[in-house]
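# Structural overview for review
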Amino acid sequence: MPTEMLYPFAIGPDGSVASTGDPDKQIRQHVLTLINTEPGERAVRAEYGVPTQELLFDPDNDLVAESIATKAKAALGTYEPGVVLQSVVPVVNPEGSGIAQVEVNYARRESATSSSSLSRNTNTAVIEVGGHVIEVVRG
């Protein structure tokens, strides 16, 4: 099983770079990294990310939520073959507080090339306008 650095970056108790070999934790990190990255932030992969900051001051919460959902769905489909999207649901605060969220429900494939074998864990990532991500892990 390969290991990956922890996201966010951390130093382990022994002074080395903290890492994980847990595939569920790794795919969670992949999703969070993709959603928290604005296109253009990565020098080699300029298109990588979900452009949420461009929607930051848009006054139409319904339109913002739908746009984030569409962009998140496209980015995850392009950059995360190990993720099976189960739903991408815009959630708009009815009080007009300027908060639009998108719930991304996903599961990890047992392997990136497998179409049928899913992990038992389903995760929900909640994205707010501006790119702030909250995640609830359900298993």
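Parameters and conventions
Residues numbered from 1 in each chain as written. Predicted model: local features only at pLDDT ≥ 70, side-chain atom pairs only at ≥ 80, totals over all residues. Heavy atoms only, no water. 1 Å grid on protein atoms, 1.4 Å probe; cavity = no way out; pocket = protein on both sides within 12 Å on 5 of 7 lines; lining within 4 Å. Points joined across faces, edges and corners; volume = space filled by probe spheres on them. Helix = DSSP H or I, 4+ residues; strand = E, 2+ residues; numbered from the N terminus. Nonpolar A, V, L, I, M, F, W, Y, C, P; charged D, E, K, R; others polar. pLDDT = per-residue confidence, 0-100. Phe/Tyr/Trp six-rings, centres within 6.5 Å; stacked < 30°, edge-to-face > 60°. Buried < 20%, exposed > 50% of the residue type's maximum accessible area, 1.4 Å probe, protein only. Lys NZ or Arg CZ within 6 Å of the ring centre and 35° of its normal. Expected span 1.5 Å × (residues − 1). Polar contact = N/O pair within 3.5 Å; in protein donor to acceptor, adjacent residues only side chain to side chain. Contact = heavy atoms within 4.5 Å.

### Overview of the layout of surface pockets
Quantified by volume, the largest pocket comes out at close to 260 Å³. Every residue lining the largest pocket is counted, 14 residues in all, and those nearest its centre are Glu4, Gln29, His30, Thr33 and Arg42. Looking at the lining of the largest pocket, the elements that each hand over two or more residues are strand E1 (4-5) and helix H1 (23-36). The leading source of residues in the lining of the largest pocket is H1, at three residues. Of the residues in the lining of the largest pocket, the class split is seven nonpolar, three polar and four charged.

### So, the confidence of the model for the chain
Counting all residues, the mean pLDDT for the chain is 78, and 73% of those residues have values of 70 or more. Looking across the chain, the model is least confident in strand E6 (residues 133-138), with a mean pLDDT of 59, and most confident in strand E2 (residues 19-20), with 92.

### Describing the packing of aromatic side chains
Following the criterion strictly, the structure yields one aromatic pair and no others. Arranged with centres 5.0 Å apart and planes meeting at 70°, the rings of Tyr48 and Tyr79 form a pair that is edge-to-face. Taken as a pair, Tyr48 in the loop between H1 and helix H2 (61-79) and Tyr79 in helix H2 lie far apart in primary sequence, 31 residues in all. With relative accessibility at 19%, the residue Tyr79 sits in the buried group. Across from the ring centre of Tyr48, 4.2 Å away, lies the NZ or CZ of Arg42, which sits over that ring.

### Observations concerning H1
Structurally, the α-helix is built with 3.6 residues per turn, so residues lying three or four positions apart point the same way. With 14 residues, H1 extends 20 Å from end C-alpha to end C-alpha; this agrees with the ideal 20 Å at 1.5 Å per step. For H1, every residue scored as buried is listed here: Asp24, Gln26, Ile27, Gln29, Val31, Leu32, Thr33, Leu34 and Ile35. Two to three positions downstream of the cap, the backbone nitrogen of Asp24 sits 3.0 Å from a side-chain oxygen, assigning the N-cap of H1 to Asp22.

### Details of the environment of Thr20
Structurally, the position occupied by Thr20 is in strand E2. Note on Thr20: relative accessible area 9%, which makes it buried. Sequence spacing of Thr20 and Tyr7 is 13 residues, and the spatial spacing of their C-alpha atoms is 9.6 Å. Ignoring any residue separated from it by four or fewer positions in sequence, one finds Thr20 in contact with Pro2, Thr3, Glu4, Leu6, Lys25, Gln26 and Gln29. One polar contact links the side chain of Thr20 to the main-chain amide nitrogen of Asp22, over a distance of 3.1 Å.

### Regarding the side chain of Glu80
Tracing the backbone shows Glu80 in the loop between H2 and strand E3 (83-92). Not counting the four nearest positions on each side in its chain, Glu80 is found in contact with Ile27, His30, Leu34, Tyr48 and Ala75.

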